[in-house]
Amino acid sequence: MMARKYLVFVLALVIWAGVFYFIDKSIMQAQGLPVGADMMPI
Amino acid sequence: MKYFIAALLALLAVSLPDLVAAASDALPPDAAPQPSRLDYPVIAGISARSLAWSMAQMHLFLAAFVLAVPLFSIATEFMGVVTGDDRFDTMAREFMKITMAAYSLTALVGGGLLLTLLVFYPHLMGYLVKVFRGQMLIYALLFGLESITLYLYFYSWDALRRGNRKYYHMSIGLVLNTVGLTLMFVANAWVSFMMSPAGIAPDGAITGTVWEATRNPLWNPLNLHRFLANIAYGGAIVGGYAAYMFLAEKDPVQKAHYDWMGYTSNFIAILGFLPLPFAGYWLMAEIYAYSQQMGITAMGGILAWLFIIQAVLIGTIMLAANYYLWSGLMRTDRGAQYGRYVKYIAVVIVGGFLVWVTPHTLILTTSEIQNLGGTHHKILGPLGIMPAKNTAVNLMLVFTFLSFQMFYRSSREPVVPWAKSANMVVVALYVVGIANIIGAGIYGYITPTVYKVGASVPQVVTTLTIIIGSVIIDVFMLRGAKSEKVHWGRMTERSQYALFVLPVAFTWLMGLMGYIRSSLRTNWHVYTVMKDNSPENYIPTLGDAGNTITGITLAFMAVMVFVFWLSRLGQTRQKNAEISA
Amino acid sequence: MTFLRVIGFSLALLGFYALYAHTLPQVEPDLSEPEILATEGLDMPGMIALGEGLFTGKGTCTLCHNGMGRAPDTLAMDLAVTFPERLLDANYSGVAAGGDGAQAVESYIRESMLEPSAFVVPGFGKKGTNDAVSPMPVVDAPPIELAPVEINAVIAFLQDRAGLTPTVALPSAADTPEADAPAADEGLVEAPVTDAQSALDKFSCAACHDLEGSGADLGPALGGISMRMSRAGLMEAILDPNAEIATGFDAGLMPDTFGEDMHASELLLIVDYLMALPAPRPSDTPEDEGPASDAIDVIDAYGCAGCHDLEDSGADLGPALNGISARMDREQLITAITNPNATIADGFEADMMPDTFGDDISDAEMILLLDYLMKLPE
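The rules behind each value
Residues numbered from 1 in each chain as written. Chains lettered and ligands numbered in written order. Predicted model: local features only at pLDDT ≥ 70, side-chain atom pairs only at ≥ 80, totals over all residues. Helix = DSSP H or I, 4+ residues; strand = E, 2+ residues; numbered from the N terminus. Buried ≥ 20, exposed ≤ 12 C-beta atoms within 10 Å, placed from the backbone. Contact = placed C-beta atoms within 7 Å. Nonpolar A, V, L, I, M, F, W, Y, C, P; charged D, E, K, R; others polar. Core = buried A, V, L, I, M, F, W, Y, C linked by C-beta atoms within 7 Å. Axes fitted to C-alpha atoms, helices over the stretch in contact; angles between N-to-C directions. Parallel < 35°, antiparallel > 145°, perpendicular 65-115°, else oblique. Left-handed = near helix turned anticlockwise from the far one by under 90°. pLDDT = per-residue confidence, 0-100. Expected span 1.5 Å × (residues − 1).

*Asks:* It is not clear to me how the overall build of chain A should be interpreted in this structure. Could you clarify?
*Replies:* Within chain A, the secondary structure is distributed over one helix and zero strands. Counting across all 42 residues of chain A, residues that qualify as buried make up 14%.

Below, the structure written as C-alpha cells:
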C-alpha cells in the first residue's frame, strides 16, 4: 500500500515536470525568446 | 433593476462627460499654464506640499478603507446566504458598522484636500478642470449617490435581512460597490493623467475627449493595483479591530466571534495581497513602456532605496500573516501534526525576505566603493539582481499559501479513498513548481536582460499554477470531509499582535508608495507638460519622507481609534441603560 | 490596559519604520537652478567635451545606451564602422540614406535624436511594433529638453568618436540661452576674466594643485599636464572632476561646480594655458612630508588658505577665517569643517568646500587646526 503512494508520487513528479516544461516553453515562445537547445545563448 | 440602470447611466456619464456637460467647443486650445515660482501663493509660511501631501494621503487611507469594506462585506453577506450560517451576516454588518463612522471623515478630508489644492495650486487645478471638464461635476454627483446607497445599505440591514428581501439588500450593496469603484476609477484617471498625460498636444493644449484623457497609459494598471491594495488594506484594518476586541473581551462566546472575525479579515488581507506583486509588476512594466526615463527614476535612481524599505515592510507583513496562520493551527487538534513543518516555512520566508532587502545598485560614497571594490558587493551583489528577487518573492508567496493550506486542512479530515495519492500529487506539484521557480531564476542569472525579464513570467505562472492546482485538488479531496471541531477563541494573545502589524505596516507602506508614485513625476505637475515651479518641487529625502509618512500614519491611527470607539458607543450606552433600569 | 499595550506596540513598530528610513542613505535633492550654459566662444574640442558631458549627464543617453540591452551600446561600439553601415542600410530611408562622410553622419545623428522612429535598429523597437517605433524620447522635448547648441555638442562628440571631423556649427552669442531669471537676484554671474592668470586665480587652482611652484599637493601637479592628458580630457577633468581620479588622490575634493561657474571663455583660457605648461624639473617636486605637526602644516596640507582669507592669503571663495572666533564657537567651527554644506554663510555658495574633511583630517590635526583658528585675530 505504501508502495502505491510513492509510485503515484514519482508519476506525479514526471507529469508535473512535463506540464511545467510545456508552460515554460509556450511562455518563452510567446515572448519570442529561444526555447530548448537554443535556450542557453552563451 | 432601476439601481442598475442608474449605475449604468452614471458609468456612461463618467466615460463620456461631454454628453452631459458639453463645453469643449467653447474652449480655445490653450497650452498648459506655466506658472513661475512667484505665482504660487505663500500663506502664513505653511508648507503647501506637506499640507497637500498629508491631506491627500489621509483622504486616500480613509477612502481605501471605506471603498474596500463594502466589497468584502457584500461577499461575506453572500457567503451567509449560501451557507445559511447567520454568523457571516452578523459579521458583514459589523464590518459596515465600522465603515459608517469613517465615511463622513473621508468626505471631510476630501473637502479639505480640494480646498488645499485650490488655494495653493490654483494653476494646476485650473488646468485639470479644463482637461476633465464635466467629469468633476459627475464625480460630485457620484459622491452623493455613494452616500445615499451607503446609508441605505447599512440602515436597511435589519429591515431587509430575511427571505427574498435579502436580495433587495444585496442589490443595494451591489450598486454601492459599483458606484464606489467608479469613484475610485475616476479619481485614478486624474492622478494617472498627471503621470502619463493623454489626449493633449505636447504643449498641453487639449486636443482629445475627456475619455482619451481618462484612458491614459497608466490608468488601468493603477486601477488594478489600487483595487487589490484596497481589499488587502481594508482586511488588515478590520483585522486590527477584531484583534483588539478579542483582547478586550472577556466573554468566551464573544472572544470566539472576534477570533473568527480576525481570521476572516486576515484571510481577506492575504487574498488581496497575494496578487499585488503581479499588479505592481504590470504597473512598473507600463511605466517603463510609457517612459523609460520614468521607470529608471523609480528603479535605479534616487528612489531605488525606497524599494528596500518597501521590501522590509512587505517582509514584516508576510511574516506577521504567516505567524498568525501558524498560531491558528492550534485551534484544531489535528493542527499539531502540521506544526513540525512550520520551521521550514519560516526559514524560506525569512531567507526570501533577506534576499529581497539586498539592494542592487548601492549609492555609495567614493571611499565605500573603494573598500567594496565596486558598486556591487562581491557576495551580496548577485542576491540583489532581478532574478534573485523574483525567485525570492515567488517562493515567499508559494510558502505563504502553503501555510494557509495547512491551516485549511487542519480542520478537515478527507474521507475519499484516494486521499493519500491525491496528497502525493499536491506534494509533487509543490516540488516541481518550486524547482521550476528556482530553475527559471538561475536561468535568469546567466542570460542577458531581455531573457531575465522573459524568465520572470514563467515564475509568476508557476506560482499561480501551484495555488490554483492545489486548490482544485483540495476541493475534490476534501469533498464531504469529516470536519474537525475548530475551537475558535483558542488563540494566544501574542498571535493577535500579528494582526496589529498588518494595519500599521500597510498604512505606512501605502504612504510610502504614494510618495514614490508622486515622486516619479520629479519636477512636473503634469509630466512633460506642466512644470512644477513651486519652491518645493524637489524630491524630499527618505528621512524627511519617512517623518511625514509616520506623522500621517499616526494621525490616521488616532482617527481609527476614534472611529472604532464611535462604532462601539451605541452598545456601551445600551448596557448602562440596562443597569440603571 | 490592553488599549495601552496595543497602542504601545503599534507605536514601537511605527518608530522602527521611521528610524529605518533614516538609516538608509539620504539622497539630497538638487535644489540648484537649471544650468544655463554660456557657450559663446567655445571651440570644437570644447564642444566635444561638452557633448560627452551631455551624453552621460543631462541628455540621460546612457540610461538606455549601455550594455543592458535596452538600446544600442553607443559608447562600446566602433562608430567608425557602425555609421557607414547604418547609412547604407536597406531599411533606412531617412534624410541621410545612402550618404557618406561626416556631413551625412551629422544629418543621421540629428535625425535619430529628433525623430527616433525614422530608423529603428532591428531588435530595439518598442515591444509589439515590429521595430517600427522607437522607444527613445525626442531629445529636444520634455523631459530631456536639449537646446540646439547642446544637440550640436552631442553630434560633435559622436562624430569625434567615429574618427570624423565634427561638422556642426560652433556656438555663437545667439546660442547662449537667455536666463528666464525667475529669481532675479540669483541669476547674477560675474563678468568673465580675460587672461589665463586671472582665471587661474579666480578659481584658486594653485591652492590644491602644484602650479608654477605653489607646491600644493591635494590634487595632481599641473606642470606638464599635456603629456598626461589630451585637451578634451583636461576639459572633462575640470568640468567633471570625479569621473576619473588620478592614483593617490581622493575623489570628492575638487569642486564639481566649475561647469556652472566658469564661463566657456575662461575654461578655454585655463586649458590653453595649462596645455602649454612645461613639465617641472625633478628638483621642483617637494619631498613627501610626514603627518602635519603644527597648525600651519595642517592648513597647508588641506589648502584652507586657497579659498579662505587666512592671514594674508586674500582668497575669497569662502568666508574669511581671520577673526572667525567672533562669529563661531568651537563646536560650530567643527561642524563647518566636517559638514560644510550644513550652513552656508551669506554671499557664498554651497558645494564649494569639500565635504570629506571629516574623514580626512585626523583628530590630532583637527585639534591643532581649531586651536589655531580660534585664536586668529580679525
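*Asks:* How do you make sense of the interface of chain A and chain B when you look at a structure like this?
*Replies:* Quite often, the size of an interface is put as the accessible area lost when its parts meet. The interface is formed by 16 residues belonging to chain A together with 21 residues belonging to chain B. Residue composition of the side of chain A that touches chain B, by class: 13 nonpolar, one polar and two charged.

*Asks:* So what exactly am I meant to see when it comes to the nonpolar core here?
*Replies:* Across soluble globular proteins, nonpolar side chains show a tendency to be buried alongside one another. With 160 residues, the main nonpolar core has B:Phe65, B:Tyr233, B:Leu313, B:Ile317 and B:Leu502 as its most contacted residues. For this core, the element with the highest residue contribution is helix H3 (residues 48-83) of chain B, accounting for 17 residues. Residues contacting B:Tyr233, with those up to four places away along its chain left out, are B:Ala64, B:Phe65, B:Ala68, B:Phe506 and B:Met510. The next biggest cluster of nonpolar side chains, apart from the first, holds 49 residues, and it includes C:Val139, C:Ala156, C:Ala199 and C:Ile270.

*Asks:* I would appreciate a short explanation of the interface of chain B and chain C in the present structure.
*Replies:* Counting from both sides, the interface comprises 43 residues of chain B and, opposite them, 36 residues of chain C. Elements supplying a minimum of two residues to the side of chain B that touches chain C: helix H9 (219-248), helix H12 (292-299), helix H13 (306-328), helix H16 (366-372), helix H19 (449-477), helix H20 (493-519) and helix H21 (542-580) of chain B. Looking at which element gives the most residues to the side of chain B that touches chain C, the answer is H21(B), with nine residues. Partitioned by chemical class, the residues of the side of chain B that touches chain C number 27 nonpolar, 15 polar and one charged.

*Asks:* Quick question: what am I supposed to make of the packing of helix H7 (residues 165-195) of chain B against H9(B) here?
*Replies:* When two helices pack together, their arrangement is given by the angle between the helix axes and the distance between those axes. All names here are of chain B. Two elements in contact, H7 and H9, have axes whose closest approach is 9 Å; the angle formed by their N-to-C orientations is 130°. Taken together, H7 and H9 sit at an angle that is classed as oblique. The interaxial crossing formed by H7 with H9 has right-handed handedness. Counted together, Met184, Phe185, Asn188, Ala189, Val191 and Ser192 of H7 and Trp219, Leu222, Asn223 and Arg226 of H9 form the full contact between these two elements. A per-class count over the contact of H7 with H9 returns six nonpolar, three polar and one charged.

*Asks:* Could you clarify how one ought to interpret the confidence of the model for chain B in this entry?
*Replies:* If pLDDT is low for a region, its predicted coordinates should not be looked at in detail. All names here are of chain B. In this model, chain B carries an average pLDDT of 84, and 86% of its residues clear a pLDDT of 70 or more. Scored below 50 in pLDDT, residues 20-24 shows ten contacts in the model against residues more than four places distant or in partner chains. Low pLDDT, under 50, characterises residues 361-381; the stretch is placed with 19 contacts to residues that sit more than four places away or in other chains. For this predicted complex, the interface confidence reaches an ipTM of 0.86, while the overall pTM sits at 0.72.

*Asks:* I tried to follow helix H2 (residues 44-56) of chain C on my own but got confused; where do I start?
*Replies:* Residues spaced three or four apart along an α-helix face the same direction, because each turn holds 3.6 residues. Residue and element names in this part refer to chain C. Helix length check: H2 (13 residues) gives 19 Å between terminal C-alpha atoms against 18 Å at 1.5 Å per residue, within 8%. The set of residues buried in H2 consists of Gly46, Met47, Ile48, Ala49, Leu50, Gly51, Glu52, Gly53, Leu54 and Phe55. Tucked into the core, H2 has its buried residues touching helix H5 (148-161), helix H7 (231-239) and helix H9 (264-275).

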